[in-house]
Amino acid sequence: MSEPDVLIVGAGPTGLVLALWLARAGVKPRIIDKLAEPGTSSRALAVQARTLEFYHQLGIADRVLARGRQVSFANMWIAGRHVARAELGAMGAGISPYAYALIYPQDEHERMLIDALAQAGVTIEREVELTALDRTPEGMVAHLSSNGRRSECRPAFVAGCDGSHSIVRTSLGIGFGGGTYEHLFYVADVEASGATMNGELHVALDATDFLVVFPLKDEGRARLIGTVREDAGGGAPRDHLSWNDVGRRVIEWLRIDVTRVRWFSTYHVHHRVAQRFRDGNIFLLGDAAHVHSPVGGQGMNTGIGDAVNLAWKLASVVRGGASAALLDSYEPERIGFARRLVATTDRAYRRSCRRCLERSSCATRRSGPFRRLPSSTAIARSAKGMPAPCMPATGCRGRRHPRMPPIIFNR
Ligand SMILES: Cc1cc2nc3c(=O)[nH]c(=O)nc-3n(C[C@H](O)[C@H](O)[C@H](O)COP(=O)(O)OP(=O)(O)OC[C@H]3O[C@@H](n4cnc5c(N)ncnc54)[C@H](O)[C@@H]3O)c2cc1C
């Protein structure tokens, strides 16, 4: 096999979009994943406006719109009282043609991207794992393993899209600073009825409980994200917890009657940003570079933003039209975005469980002061998935970065 220009490690949403954009721009990458199959759980649901704008350029926005569910209203409930209803379309009017939240489960989303990638002539090599990365005087060597068979690959560039436990990041010795919130969350895809199963988004809080209700495409189905009771499972391991262990108060006062739980999982929420997003010709993207609270539904979308940012630059350099200096802007732009996003979602998260914090049940293991919510402008930017202006901490204040040319690929 000839050596690829770009080796993409990981075929989650970040790696898939990177591969698709590169392929459309005329650079055929090699993309590997250690798993035999793509993910089968719904995980990230919200597809942000900026992602849809990118998909419009790739000619796949219509497929996503046809399969997803548009949510135009968001409601806030506090201690059983309905305190606000916001029209998302009005918030985003004039900013984006996609001024709503689009709900499209990650497993279906990945399958759509895999089909689009196959149409672009790229096949994912499955059950191929990156085990180590070396630099030699002759260049970079990626050590791969597939069903016990070892091989080497010598790409010009490596894109680490290999998730939060990234071997690309660890093999470069790049730190992943931040913390982990102590509270245990659950996600459940349910069949249910009740007044708040009305196709709108609902966020509900009280002193000890928290719930977000995302409507799914089929009527009577929703994704619930909430907190697991502190006394749940009597200290049993996390994977033994079930729907019976979730906090019920908020579900009850939202009058959601759950008739079937189709998928249930628990998780701890982390907030971390890699120290660096680049080491020579090796780049970190997506969860390999940043993880944060699901507040705002930005995790997957930010990885897709990383992928597009890097893809057009890599394609321009590999195809010989641009100087390698073009790649220098990737890290300051995306690390700035990630730091800002982690800080914003951290503040929103802490705000949403302030009362829990007072009881120290949601306290992050890395303690810090509780700060005020971000401004409405910051929220609007964050909701759209747009980078906020560079802050001094990002190291890019005052620097001009090359902008992505307005590309719309042939369908
Ligand atoms: C339960 C749950 C609920 C979530 N809910 C939300 C939500 O509501 N909103 C939101 O925005 N986000 C949510 N997320 C986060 C979201 O799923 C991630 O942000 C997103 O999957 C990141 O995409 P990625 O491609 O960067 O990484 P991943 O999806 O983690 O993909 C990484 C890929 O790399 C592969 N890989 C890893 N190591 C290697 C290796 N050494 N060699 C080869 N391949 C390798 C893996 O098999 C995997 O396919 C949720 C996550 C979970 C677990």
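Details of the structure are given in the entry above.
As a starting point, this report considers the structure included with it. Source: prediction; values computed, not measured. Along each chain, residue indices are assigned from 1 in the same order as the chain's sequence is written. In keeping with the predicted nature of the model, local features appear solely for residues at pLDDT of at least 70, side-chain atom pairs appear and are counted solely at 80 or more, and the whole-chain, interface and lining totals rest on all residues.

**Digging into the overall build of the chain**
When its secondary structure is counted, the chain shows 11 helices and 20 strands. Across the 411 residues in the chain, those meeting the buried criterion constitute 44%. For the chain, restricting intrachain contacts to residue pairs at least 6 apart in sequence, the fraction spanning at least 24 positions comes to 73%. Runs of H or I in DSSP of at least four residues are treated as helices and runs of E of at least two as strands, each being numbered from the N terminus. Buried residues are those with 20 or more other C-beta atoms within 10 Å of their own C-beta, exposed residues have 12 or fewer, and partly exposed residues lie in between; C-beta atoms are placed from the backbone. By the convention adopted here, residues make contact when the C-beta atoms placed from their backbones lie within 7 Å.

**Observations regarding the packing of helix H1 (residues 13-24) against helix H5 (residues 106-119)**
Remark: H1 packs on H5, axes separated minimally by 10 Å, with the N-to-C direction vectors making an angle of 25 degrees. Between H1 and H5, the angle falls in the class roughly parallel. Between H1 and H5 lies a crossing whose hand is left-handed. Residue-level contacts link Pro13, Leu16, Val17, Ala19, Leu20 and Ala23 of H1 to Gln106, His109, Glu110, Leu113, Ile114, Ala116 and Leu117 of H5. Class assignment of the residues belonging to the contact of H1 with H5 gives a composition of 10 nonpolar, two polar and one charged. Convention adopted: a line fitted to C-alpha atoms gives each axis, helices being fitted over their contacting stretch, and angles between N-to-C directions are expressed from 0 to 180 degrees. In this scheme, roughly parallel covers angles under 35 degrees and roughly antiparallel covers those over 145, while 65 to 115 is roughly perpendicular and the rest are oblique. We call a crossing left-handed when the near helix sits turned anticlockwise from the far one by less than a right angle, and right-handed when that turn is clockwise. Only Asp, Glu, Lys and Arg are considered charged in this grouping, and only Ala, Val, Leu, Ile, Met, Phe, Trp, Tyr, Cys and Pro are considered nonpolar; every other residue, Gly among them, is considered polar.

**Considerations on the sheet that holds strand E16 (residues 221-227)**
Pairing between strands requires that DSSP locate at least two bridges from one strand to the other. One open sheet holds the eight strands; their spatial order is E6-E5-E14-E15-E16-E13-E17-E20, and the pairing between them is mixed. Either end of the sheet is taken by a strand with one partner, and the two such strands are strand E6 (81-87) and strand E20 (290-291).

**Comments concerning the site of the ligand**
By definition, a residue lies near a molecule or strand provided its backbone-derived C-beta atom is within 6 Å of it. The full set close to the ligand counts 33 residues, and Gly10, Gly12, Gly163, Gly286 and Gly299 are the nearest of them. Taken together, the elements giving at least two residues each to the shell around the ligand come down to H1, strand E2 (30-33), strand E9 (129-136), strand E17 (257-274) and helix H8 (299-318). Grouping the constituent residues of the shell around the ligand by class yields 15 nonpolar, 12 polar and six charged. Domain limits in this description derive from either an automatic procedure or a database domain assignment. Two domains share the shell around the ligand, each providing at least three of its residues, namely domain 1 (6-70 + 104-178 + 271-351) and domain 2 (181-269).

**Topic: unusual backbone geometry**
Notably, alanine 79 is not glycine yet its phi reads approximately 50 degrees, a positive angle. Mapped onto the fold, alanine 79 is located in the loop between strand E5 (73-78) and E6. With a phi angle near 55 degrees, arginine 255 is a residue other than glycine that sits in the positive phi range. Summarising the element assignment, arginine 255 is placed in the loop between helix H7 (249-253) and E17. A residue is classified by how many C-beta atoms lie within 10 Å of it, and arginine 255, with 12 of them, is exposed.

**Examining the sheet that holds strand E18 (residues 278-279)**
The six strands are arranged E8-E2-E1-E12-E19-E18 in an open sheet whose pairing can be described as mixed. Each having just a single partner strand, strand E8 (125-126) and E18 make up the two edges of the open sheet. Summarising the sheet, strand E1 (residues 6-9) and E2 pair through three bridges and their orientation is parallel. Paired with valine 9 across the bridge in E2 is isoleucine 32. Contacts between H1 and the sheet are confined to E1, E2 and strand E12 (157-160), with E1 contributing the most and set at about 155 degrees to the helix.

**Quick notes on the nonpolar core**
For our purposes the nonpolar core covers buried Ala, Val, Leu, Ile, Met, Phe, Trp, Tyr and Cys residues that link as a set through C-beta atoms within 7 Å. Counting 100 residues, the largest nonpolar core has Leu18 and Ala159 as the members making the most contacts within it. In terms of residue count, the dominant contributor to this core is H8 (11 residues). Counting contributing residues, this core receives three or more from each of domain 1 (6-70 + 104-178 + 271-351) and domain 2 (181-269). If near-sequence neighbours (up to four positions away) are discounted, alanine 159 is found in contact with Val6, Ile8, Val9, Leu18, Phe283, Leu285 and Leu310.

**Structural notes on H5**
Expected span of a helix: the number of residues minus one, times 1.5 Å. Relative to the 20 Å expected for 14 residues at 1.5 Å per residue, H5 spans 20 Å between its end C-alpha atoms, a close match to the ideal helical length. Where H5 is concerned, the buried positions are Gln106, His109, Glu110, Leu113, Ala116 and Leu117. Looking down the long axis of H5, one finds its buried residues gathered within 120 degrees of arc, a one-sided arrangement. Residues of H5 that are exposed and point more than 90 degrees away from the buried face comprise Asp115, Ala118 and Gln119. On its buried face, H5 is in contact with H1 and H8. Count one or two residues on from H5 and you reach glycine 121, which has phi positive near 90 degrees. Summarising the geometry, the arc corresponds to the directions from the helix axis toward the C-beta atoms.

**Describing helix H2 (residues 49-58)**
Where burial is concerned, most of H2 is hidden: seven out of the 10 residues are buried. Buried within H2 are the following residues: Ala49, Arg50, Thr51, Leu52, Phe54, Tyr55 and Leu58. Once H2 finishes, glycine 59 follows within two positions and takes phi at roughly 80 degrees, a positive value.

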